[in-house]
Amino acid sequence: MSCFKIKMKQEESETSSNLRSSHRFKSLGRKICASFLCIAMLLTLTAGYTAKTEAALKLSRSKMYVKRGYRAQLKLGNVKSSKVSWRSSNPFTGSVANGVFTAIAYGVTCVTATYKGKTYKCKVIVPDTNRTIYLNKYKKTLYENQSFKLKVDATEDIKFHSRNTHIATVTAKGRIKAKNPGKTTIVVKKGGAYTACNVKVKSLGEKKHKTPAWLKDRAKVAVRKYNAQWHPTFGRIIKRKGKTINLGIANVRPKSVKKVVWSSNYPGIATVTAKDKTTATAKLLAVGKAKVSAVIFYNSGKNEVLSNEINVTDPRPNAYTVHCFTKTVGNARTQYVHFTGLSEYSKVSYKISNTKCVKATIYNKKVKLIGKRNGHGTITAKVDGKTYKIHYYVWTPKFGSIIGVLAKGNKTKIKIGGIGKLQPIFTSRDINKCSVALDGTITGRGSGVTYVDVKLSSMTFSYRVEVAATGIKTIIKRAKYIVNNWTYSQGSRMSDGYYDCSSLVWKGYKAYKNYHAKLGSTKYALPAAYLFDYLRAKGQIAYFGFTKLDDLRPGDLFFYGDYGSAVRYSQPGRTLNIYHVAMYAGNGRVVEKGTPRYTYNSLDHIVGVGRVVY
C-alpha cells in the first residue's frame, strides 16, 4: 500500500513536472511570437513612415528668379544637400552645387534634385535686368479715394501712366490715386522695359448720416443760418467758398441777452464777425469744415454755449466735356462725371439727356457713363444750389493697323477713325526703337520691340511696334520663299532647291550682303549645335532658354535642344542636345522647317536665342 502510494506520488510528480515544462515551453513560444510580431509591426510602421516621409519631400521652391551674379539656396525637405544629386539643365544660364544656384547669364534653366531615385525640379529664370521691371505689386485693389505707392526696383527714368484716368491716376513718383469704381492698368516704363499693375477700384458706398434732433426740431435752440430777410433756415449749413452768410441764434429773445461772443475754430475756413446782440456774419474763405460757436451771457446771469458747423464747398466738375467710347475699345471703358470740392453733406442731383447713346447710372453723387452708340448729350448737375452743364460725346474708334514688322528707317502711320475732332496724343515708349510724329507717323530707328501709346481723352491705347535691323526683312522674305517652294532634305541640304533647318537659316542670311558669313562660314551651313557653339563663342547668344516675345528681334535664331531625357532628334555629345534651329520672323511668327506655317515648335525645348544682327 505504501509502495503504491509512493509510486503514485512519483507519477504525479513527473506529470506535474511535465505539465510545468509544457507550460514554460508554450509561454516561451508565445513570447517569441509576440517579439516577432512587434518587430514586424515596427518594420511595417518604419517602412510606412519612410515612404510617407519620402513622398512628402519637395523642393523649397518650384520657380524662382535670380539676378545675374547672385545666388539662391534650394533645399529638399530636411535632407542634407550633400546627399542630393544636383543638376542644372542649362549650365550656361546657371550652375548649382549642394543646392546653391549661381546665376551666370540671362535665360532659363531647370534645376533637378535627385534623391533615392526620385527627381524634384525647380524652374529658374535669370532675367535681363535691362528689360525687366520689378514692382512691389502687380495687382492691387483699392477703395475710392485711397492711394497706394508703387515701388520699382530702379529709380532713374521711371515713367507711369494710367490707361483710364477716370478710374485711377498715377503721379510721376508712382503714387496711385483711386478715383471711381472700375478697372484700369498702370503702365510702368523704364527705358526699353515696361510692366504693368492691374488696379481694381471698389465703391465706398453712399454714406448715411444721422440728422441731429436740433437740425429738425424748430423748438431746439442753436446757431442757425438766416436768409436775406433774417428768417432762420433749419438744416445743415452748406455754402460755397467766397460767400458771406448771416448767422443768428434761433428761439432766443434778444432782450434776455446781455451779450454774445462769437468764434470760429478755423478762421481760415470761416471767419465770424458780430452784427448785433444775437446775429453775426461769416465769410467763407476756404473749402473745409469750421465750427462756429456763440457764448451767450443772459441778463439773468446764466451762460450758454451754442454752436453749428459750416461746410464750405467749392464744387468743380472733373470735366465740362466728357468723351465716352463704345464696346470697340473693350469693356474697361467706364467714364465718370463727378465733382471735387464737396462736403460730405453736399446736395447733388443730375439729369441726363439722350440716354439712347449712353448708359448712365447715378449713385453716390456721381454719374457712371458707358457708351452705347455714337451721339452726344448734356448732363445737368445741380450742386449745392448751383447748376452746371456738362456735355458728353460717344465715339466708336476704328483703330487702323500698322506694318507688322517695320524695317529700320521705314515708316508706318497710325490711323484712327470714328473720333470726330478728338485729337489723339502719340508717345513712343522707347525712342531708340521708334519715333512717332504728331500725326501718328512711326519711324523705325533701332531693332527690337516697343509700344506707341495713343491717348484719347482720359483713355490710353497701345500699338506694338516691331522694328527689324537693316537687311533682316530681306533675309526673312528669302527664308519664307525657301520654305514654301523648296524641298526639305538633309542629304541635299546645300544644293539649290533643297534645305534643312540650318541651311535654311544660312541661305536666308545669304540673301542680304552675304550676311551668311556671320554664321561661321561662307561655304556651308554649320549644323545647329555647332552654330550655337560658334555664336556662343562670339557672345551672340542673347538668352539661354526662351524669353518674352517683346525681348526678341526679327532675325533671331531659336535653338531647340533637350533638357532632360533625349527626344527623337537629339544626338548625344551635342551641346545641350541641340537638334534644330529656326528663324524668328517677327510679329510672333517663326520660319520653320518642313511647313509653310510660321508658328512656334515647342517653347519648352528652346535652349537658346542667338542674335546675329543688332
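Provided above is the structure to which this section pertains.
Everything quoted here is computed from the prediction, not taken from an experiment.

A. Broad picture of the packing of aromatic side chains. Here the structure, examined in full by the defined rule, presents 15 aromatic pairs. A network of ring pairs unites the aromatic residues Phe-92, Phe-532, Phe-544 and Phe-559 as a single cluster. Over the aromatic face of Tyr-194 sits the side chain of Arg-429, whose NZ or CZ is 5.1 Å from the ring centroid.

B. Focus on the sheet that holds strand S14 (residues 193-202). Pairing is mixed across the open sheet formed by four strands, whose spatial order is S8-S14-S13-S10. Each edge of the open sheet is held by one strand with a lone partner, namely strand S8 (139-143) and strand S10 (158-162). Strand-to-strand twist across the sheet, computed as the mean angle between neighbouring axes with direction ignored, equals 25°. Relative to S14, S8 runs parallel, the two being bridged by five bridges. Paired with Leu-142 across the bridge in S14 is Val-201.

C. Looking closely at unusual backbone geometry. For Asn-354, which is not glycine, the phi dihedral falls at a positive 55°. Within the secondary structure, Asn-354 is located in the loop between strand S28 (348-352) and strand S29 (358-363). Phi at Leu-576 is positive, roughly 55°, even though this residue is not glycine. By secondary structure assignment, the location of Leu-576 is in the loop between strand S45 (557-560) and strand S46 (580-586). Overall, Leu-576 belongs to the buried group, its relative accessible area being 14%.

D. Summary view of helix H4 (residues 501-510). Across the ten residues that make up H4, a large majority, nine, are buried. For H4, the full list of buried residues reads Cys-501, Ser-502, Ser-503, Leu-504, Val-505, Trp-506, Lys-507, Gly-508 and Tyr-509.

E. Seen up close, the side chain of Asn-311. In this structure, Asn-311 sits in strand S23 (residues 303-313). Not counting residues within four places of it along the chain, the set of residues in contact with Asn-311 comprises Ile-237, Ile-238, Lys-239, Gly-288, Lys-289, Ser-343 and Tyr-345.

F. Local environment of the environment of Glu-466. By secondary structure assignment, the location of Glu-466 is in strand S41 (residues 459-468). According to the relative accessible area criterion, Glu-466 is buried, its value standing at 1%. Residues Glu-466 and Asp-550 lie 84 residues apart in sequence; the distance between their C-alpha atoms is 8.6 Å. Setting aside chain neighbours within four positions, we find Glu-466 in contact with Gly-404, Val-405, Leu-406, Gly-448, Val-449, Pro-554, Tyr-584, Gly-586 and Asn-587. In this structure the side chain of Glu-466 is engaged in a polar contact, spanning 2.6 Å, whose partner is the backbone nitrogen of Asn-587.

G. Main features of the sheet that holds strand S32 (residues 386-395). Read from one edge of the open sheet, four strands run S25-S32-S31-S28, paired in mixed fashion. The open sheet has two edge strands, strand S25 (321-325) and S28, and neither has a second partner. Taking the axes of each pair of neighbouring strands and ignoring which way they run, one obtains an average angle of 25° across the sheet. Bridging between S25 and S32 involves five bridges; their strand directions are parallel. If you follow Cys-324 over to S32, its bridge partner there is Val-394.

H. Structural view of the packing of helix H3 (residues 472-485) against H4. Running from N to C, H3 and H4 cross one another at 135°; their axes reach a closest spacing of 7 Å. By the angle between their directions, the pair H3 and H4 is classed as oblique. H4 is crossed by H3, and the crossing has right-handed handedness. Of H4, the residues touching H3 (which contributes Ile-472, Ile-475, Arg-478, Ala-479, Ile-482 and Val-483) are Leu-504, Lys-507, Gly-508 and Tyr-509. Residues of the contact of H3 with H4, tallied by class, amount to seven nonpolar, one polar and two charged.

I. Seen up close, H3. Taking 1.5 Å per residue, 14 residues should reach 20 Å; H3 reaches 20 Å between its end C-alpha atoms and fits that length. Regarding H3, the residues found buried are Ile-472, Ile-475, Ile-476, Ala-479, Ile-482 and Val-483. Take H3 and look down its axis: the buried residues cluster within an arc of 120°, on one side only. Summarising the contacts, the buried residues of H3 are in contact with S41, strand S43 (498-499), H4, S46 and strand S47 (589-591).

J. Expanded view of the pairing of S14. Both strand S13 (residues 182-190) and S14 contribute to a ladder of nine bridges, which runs antiparallel. When the sheet's bridge partners are listed, Val-187 is paired in S14 with Ala-196. Between S13 and S14, which pair antiparallel and follow one another directly, the connecting turn spans two residues, one of which, Gly-191, has a positive phi of 60°.

K. Just the pattern of salt bridges, in detail. According to the stated counting rule, one finds 14 salt bridges in the structure shown. Two residues, Arg-464 and Glu-466, come together in a salt bridge whose shortest N-O distance is 2.9 Å. A relative accessible area of 24% means that Arg-464 is categorised as partly exposed. A salt bridge links Arg-464 to Asp-550, with the nearest nitrogen and oxygen atoms 2.8 Å apart. With a gap of 86 residues between them, Arg-464 in strand S41 and Asp-550 in the loop between strand S44 (541-543) and S45 connect regions that are remote in the sequence. Each of the salt bridges in this network shares a partner with another, and the network as a whole consists of Lys-189, Arg-429 and Asp-453.

L. Highlighting the nonpolar core. In this structure, Tyr-509, Leu-557 and Phe-559 are the most contacted members of the largest nonpolar core, which totals 40 residues. Elements supplying a minimum of two residues to this core: H3, H4, helix H5 (528-537), S45 and S46. Counting residues per element, this core draws most heavily on H3, which supplies six residues. Discounting residues that sit within four places of it in the chain, Leu-557 has contacts with Val-505, Tyr-509, Leu-519, Leu-531, Leu-535, Val-581, Ala-582, Met-583, Gly-608, Val-609, Gly-610 and Val-612. By size, the runner-up hydrophobic cluster in this structure holds 23 residues, among which are Val-272, Ala-280, Val-292 and Tyr-298.

M. Quick peek at the environment of Thr-450. Summarising the element assignment, Thr-450 is placed in strand S40 (residues 448-456). Among the residues examined, Thr-450 registers a relative accessible area of 0% and is labelled buried. C-alpha separation for the pair Thr-450 and Gly-191, spaced 259 residues apart in sequence, amounts to 9.9 Å. Leaving out residues up to four positions away in the same chain, Thr-450 has contacts with Tyr-194, Ser-428, Arg-429, Asp-430, Lys-433, Cys-434, Tyr-463, Arg-464 and Val-465. Within the structure, Thr-450 has its side chain in polar contact with the backbone nitrogen of Asp-430 (distance 3.3 Å).

N. View of the side chain of Thr-441. Here Thr-441 shows up in strand S39 (residues 441-444). Within the structure, the side chain of Thr-441 is placed 3.0 Å from the side chain of Asp-439, a separation counted as a polar contact. The residues contacting Thr-441, other than those within four sequence positions of it, are Lys-411, Thr-412, Lys-413, Ser-435 and Val-436.

Parameters at a glance
Residues numbered from 1 in each chain as written. Predicted model: local features only at pLDDT ≥ 70, side-chain atom pairs only at ≥ 80, totals over all residues. Heavy atoms only, no water. Phe/Tyr/Trp six-rings, centres within 6.5 Å; stacked < 30°, edge-to-face > 60°. Lys NZ or Arg CZ within 6 Å of the ring centre and 35° of its normal. Pairing = 2+ DSSP bridges. Helix = DSSP H or I, 4+ residues; strand = E, 2+ residues; numbered from the N terminus. Axes fitted to C-alpha atoms, helices over the stretch in contact; angles between N-to-C directions. Buried < 20%, exposed > 50% of the residue type's maximum accessible area, 1.4 Å probe, protein only. Contact = heavy atoms within 4.5 Å. Polar contact = N/O pair within 3.5 Å; in protein donor to acceptor, adjacent residues only side chain to side chain. Parallel < 35°, antiparallel > 145°, perpendicular 65-115°, else oblique. Left-handed = near helix turned anticlockwise from the far one by under 90°. Nonpolar A, V, L, I, M, F, W, Y, C, P; charged D, E, K, R; others polar. Expected span 1.5 Å × (residues − 1). Arc of directions from axis to C-beta. Salt bridge = Lys/Arg side-chain N within 4 Å of Asp/Glu carboxyl O. Core = buried A, V, L, I, M, F, W, Y, C linked by side-chain atoms within 4.5 Å.

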